[in-house]
Structure formats: structure tokens, C-alpha cells
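# Architecture and fold: a report
Next come the chains, spelled out residue by residue.
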Amino acid sequence: MKSPLLTSLALGLSTLALAACGGGDSTEATADDGSKEGISITDGRLVLPAVKGNPAAVYFTVHNDGDRDAFVRAATVKGAQSTQLHEMTTANGFEEMGEATQIAVPRGQAVEFKPGGIHVMAFKLDDTLKKGDTTEVTLTFIGGRTAAFPVEVLAAGDAR
């Protein structure tokens, strides 16, 4: 059985080898502004927490129609002081949520950020974010390229 540390180390080393292979573009950005080519994002939504002060969750699908694998290394959310990439993992027979250092988006595939799986946690939300609003999320990829896209703000009970 592979240990999580060895798996993370192997992913990190493979990322370093691929980091020099940049690209740029999304549905919301143009290639000359540092955006990630071949990347598009659909179905973006930010789900407000049921309890004020708790973090929100951000869900969407990243499509990679580029000619290289892409790796999401960070996300920012307009209206949140900080964010973390999160994923569900199984350790010793128990599922747990934890911070992810990067999320692979293989070329020719789509990766869904969804409840119970990979997602973005948004911390310390502005009081101005309300159900029915739209805000912006920016993903940063290995190599520094970005993809920005709008997300609909949903109430906790409206999660999909």
C-alpha cells in the first residue's frame, strides 16, 4: 500500500518535470493576458455556509482541451479572504477532507469539483455576498497561468 507521503512526493516531482510546459486560455480570459490555453470552466457555483462565519464551498468543472496536462495549484475567490483546494481521501478505512497541493486535469479530460469530492473552500466571506449574486473565481495553474470565471452564489440549501 502506498503511503500518502510517497504519493504526494511522486505527484510533486512529476509536476516539476511538467512545469516548464506552459499554455493559456479560458472562456473568460484571452491568451495574451496570462490565461491557460485549452482550459474552460463550466457550472460554477459558490455555496454559502449554513452557519455564518463558516467557510463556503465552490464547485465547477474544469475542461482541458489543450495539448498538455494541467495542474491547478491555487484558487482565489472575490469576496473571500482566503481559499484552499480540498479533496476527500480515504485513510485507514475512513474518509476525510484535507487540503490538496494541486489538482491534475489531464489533457482531453474534465475534472469535476463537486460535493464529496474535489472542491474549493472559501474562508472569511464578505458580508456582501448574498444568494443570487455572482462573484469571480480565478484558478492558478502550475507555471503561473490563470483562468477566471463567474460563479453563481447559492444558499446552503440550494446546493447542487
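The rules we used
Residues numbered from 1 in each chain as written. Predicted model: local features only at pLDDT ≥ 70, side-chain atom pairs only at ≥ 80, totals over all residues. Heavy atoms only, no water. Buried < 20%, exposed > 50% of the residue type's maximum accessible area, 1.4 Å probe, protein only. Helix = DSSP H or I, 4+ residues; strand = E, 2+ residues; numbered from the N terminus. Pairing = 2+ DSSP bridges. Salt bridge = Lys/Arg side-chain N within 4 Å of Asp/Glu carboxyl O.

Moving on, we come to the pairing of strand S9 (residues 134-141). Taking burial as the measure, the 8 residues of S9 include 6 buried ones, the bulk of the element. Taken together, the 5 bridges between strand S3 (residues 70-77) and S9 define a ladder with antiparallel strand orientation. Within the sheet, the bridge partner assigned to threonine 76 lies in S9 and is threonine 138. Where S9 and strand S10 (residues 146-154) come together, 7 bridges link them in antiparallel fashion. By the bridge assignment for S10, threonine 134 is matched with glutamate 152. Here S9 folds back onto S10, and the loop between the two strands holds 4 residues, one of which, glycine 143, carries a positive phi near 100°.

As a further point, take the pattern of salt bridges. Scanning the entire structure with this criterion turns up 4 salt bridges. In this structure, aspartate 43 and arginine 45 form a salt bridge, with 3.2 Å as the shortest nitrogen-oxygen distance.

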